[in-house]
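Here's the letter readout for the chains.
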Amino acid sequence: MHQFWDTCKKELERQIDPHNFISHIEPITISGITDSEVTLVVPSAFSQGWIERNHLRDIAEAISRGAGGERKISFVVAAPRAKEARTPLPVKTKQRKTAAPIRLNPLYTFTSFVRGKSNEFAYASALQAAVNPGAKYNPLYLYGGVGLGKTHLLQSISQLILDKHPGWSVLYLSSDQFVTQMISRMQKGQMEEFRNTFRNLDVLLIDDIQFIAGKPATQEEFFHTFNELFHAGKQIVITSDQFPKDIKKLEDRLRSRFASGLIADIQPPDLETKIAIIRTKAETNGYKLPEDVIHFLAETVKSNIRELEGCMARVVAFSSLKGVPIDLVLAREVLHDVYSNAQKHIGIPQIQKTITEYFGLKPNDLKSKNRSRNLAVPRQIAMYLCREITDESLPQIGKVFGGRDHSTVIHAHQKIKKEIETNTKIYSDITAVKKMLEL
């Protein structure tokens, strides 16, 4: 029974965001299984509600595949443990307070990270921070969109440092977990213990720091934690989906500290990198994918690496369940509902409408001859997206932007493509517009 559930969890771990898996799925245990029902034990009612809202279907599918048929899922909340007597902690002694054990995905290493033009700078920066912690790149701030590899790099740093310095106190967690731990200790009157834990670390790695924005007490606590670690020469690594100056409701003093070290961005992978990622993931998981299927996946999935892995796993699972070989016909069939040429459903009018909404412009502004920067840049971004997303010709794109010729569209496309590599504002704008377009 327990072996069956462990197998299900391994499958879920490949599908679910590492933070969510560690926080909500990993603690689940199994207490019973019959021909019609599986009973799972969850740590709390809150956890049960979160799982039912977010991953009940994933769990049901994993169980169904493992058991060879559908099963009803019942949840039982674990009985609370009796409170243990707590030994008071010394405020500060030579014996440092060790951070709580961290759970890391053993697959998230520098060796397994697939490098490409879009992420090579972030990879090199992360590797240097791991090899020489607290020395050159401190703090290290990694930013990029969802599912592009920030968590992979963060855990790679953690694992390499722990391998090189097994006695070090290394703590990896999300900003949400930082907030949760702080609130819990505050309610229990244990803030001194909380501070001892965080301010005596050798390495602190925080994922998705943007979520502390708008939380004054958390920002105050993190500010002092950051300062103490930084001045002690301890390594700090932070990730976010935004550049520090673009995080709204973040205090200026934190913004300046985040920007004081090295900032490295991760951009969406190009076609070649996606192909390499698929090959690596397929080899790691023992999947045998034909080359035409690999290229189809790389060309079809436009969003991020996590979606790419999910689509690959879906094709493999469908092949296994149906007992049919993996080929291009099967891949097209399996992904038809999810990615049925999504780009073709997004035309120039939708892109123009989204651009005007995002930048607060009037519809005719994109077609006007006005070359002021507040209009020219959104217009060029719109042309760039039209060229990237739609199948329209250069003359057709130019025509709907006020009758401009194809050379203007080429210029706009090349300029924005180059700007993305160095201009964080334009990169963030395009990422936000793509989110609005659900790409």
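Above this text sits the structure in question.
No experiment lies behind these values; they were computed from the predicted model shown.

Visitor: What is the right way to read the sheet that holds strand β4 (residues 140-144) from this model?
Guide: As a general point, the strands of a sheet are linked pairwise by backbone hydrogen bonds and lie either parallel or antiparallel. Reading across from one edge, β5-β6-β7-β4-β8 is the order of the five strands in this open sheet, with parallel pairing throughout. Either end of the sheet is taken by a strand with one partner, and the two such strands are β5 (170-174) and β8 (262-266). Averaged over all adjacent pairs, the angle separating strand axes in this sheet is 15°, with direction ignored. Bridge count between β4 and β8: five bridges; the pairing is parallel. Residue pairing for β8: L142 is matched across the bridge by A264.

Visitor: I would appreciate a short explanation of unusual backbone geometry in the present structure.
Guide: Comment: phi is negative for the bulk of residues other than glycine, and the bulk of peptide bonds are trans. Cis peptide bonds are those with omega within 30 degrees of zero, and the linkage from N138 to P139 qualifies with -5°. With respect to the helices, strands and loops of the structure, P139 is situated in the loop between α5 (120-131) and β4. We note that D208 has phi near 55°; this positive angle belongs to a residue other than glycine. Positionally, D208 belongs in the loop between β6 (203-207) and α9 (216-231). Phi angles above zero are rare outside glycine, and K249 is one such case at about 65°. Residue position: K249 is located in the loop between β7 (235-240) and α10 (252-258). We classify K249 as exposed; its relative accessible area is 69%.

Visitor: Would you mind showing me how to read the pairing of β8 here?
Guide: Regular strands place side chains that alternate from one sheet face to the opposite one. Of all five residues in β8, five are buried, a share of seventy percent or more. Side-chain alternation along β8 places L262, A264 and I266 on one buried face and I263 and D265 on a second face that is also buried.

Visitor: Looking at this structure, how should I read the nonpolar core?
Guide: Note on soluble globular proteins: their nonpolar side chains tend to be buried together. Of all hydrophobic cores here, the largest spans 77 residues; its most connected members are L153, I157, L204, I209, F222, F258 and L385. Of the residues forming this core, the biggest block, nine residues, is contributed by helix α16 (residues 373-389). Counting 24 residues, the second largest nonpolar core, distinct from the first, contains I275, I277, I278 and L297.

Visitor: Quick question: what am I supposed to make of the pattern of salt bridges here?
Guide: Pairing between side chains becomes possible if they bear opposite charge and their charged atoms approach one another. Overall, the coordinates contain 14 salt bridges when judged by the stated rule. Where R195 meets E221, a salt bridge forms, and the shortest distance between an N and an O atom there is 2.9 Å. One end of the pair, R195, is in helix α8 (residues 191-199); the other, E221, is in helix α9, with 26 residues separating them in the sequence. Under the relative-accessibility criterion, R195 is labelled partly exposed at 30%. For E221, a relative accessible area of 7% translates into the label buried. For E291, the salt bridge is made with R279, and the minimal N-O distance between the two is 2.6 Å. On the criterion of sequence distance, the pair formed by E291 in helix α12 (residues 291-300) and R279 in helix α11 (residues 271-285) is long-range, its members being twelve residues apart. Using a relative accessible area of 40% as the deciding quantity, one classes R279 as partly exposed.

Visitor: It is not clear to me how the packing of aromatic side chains should be interpreted in this structure. Could you clarify?
Guide: Two aromatic rings, taken as a pair, are described by how far apart their centres are and by the angle between their planes. Applying the stated rule across the entire model yields 14 aromatic pairs. Three or more aromatic residues link up through ring pairs in this structure, and these residues are Y141, F178, F194, F198, F222, F226, F230 and F258. Above the plane of the ring of F223 lies R253, whose end atom (NZ or CZ) is 4.1 Å from the centre.

The rules we used
- Residues numbered from 1 in each chain as written.
- Predicted model: local features only at pLDDT ≥ 70, side-chain atom pairs only at ≥ 80, totals over all residues.
- Heavy atoms only, no water.
- Pairing = 2+ DSSP bridges.
- Helix = DSSP H or I, 4+ residues; strand = E, 2+ residues; numbered from the N terminus.
- Axes fitted to C-alpha atoms, helices over the stretch in contact; angles between N-to-C directions.
- Buried < 20%, exposed > 50% of the residue type's maximum accessible area, 1.4 Å probe, protein only.
- Core = buried A, V, L, I, M, F, W, Y, C linked by side-chain atoms within 4.5 Å.
- Salt bridge = Lys/Arg side-chain N within 4 Å of Asp/Glu carboxyl O.
- Phe/Tyr/Trp six-rings, centres within 6.5 Å; stacked < 30°, edge-to-face > 60°.
- Lys NZ or Arg CZ within 6 Å of the ring centre and 35° of its normal.

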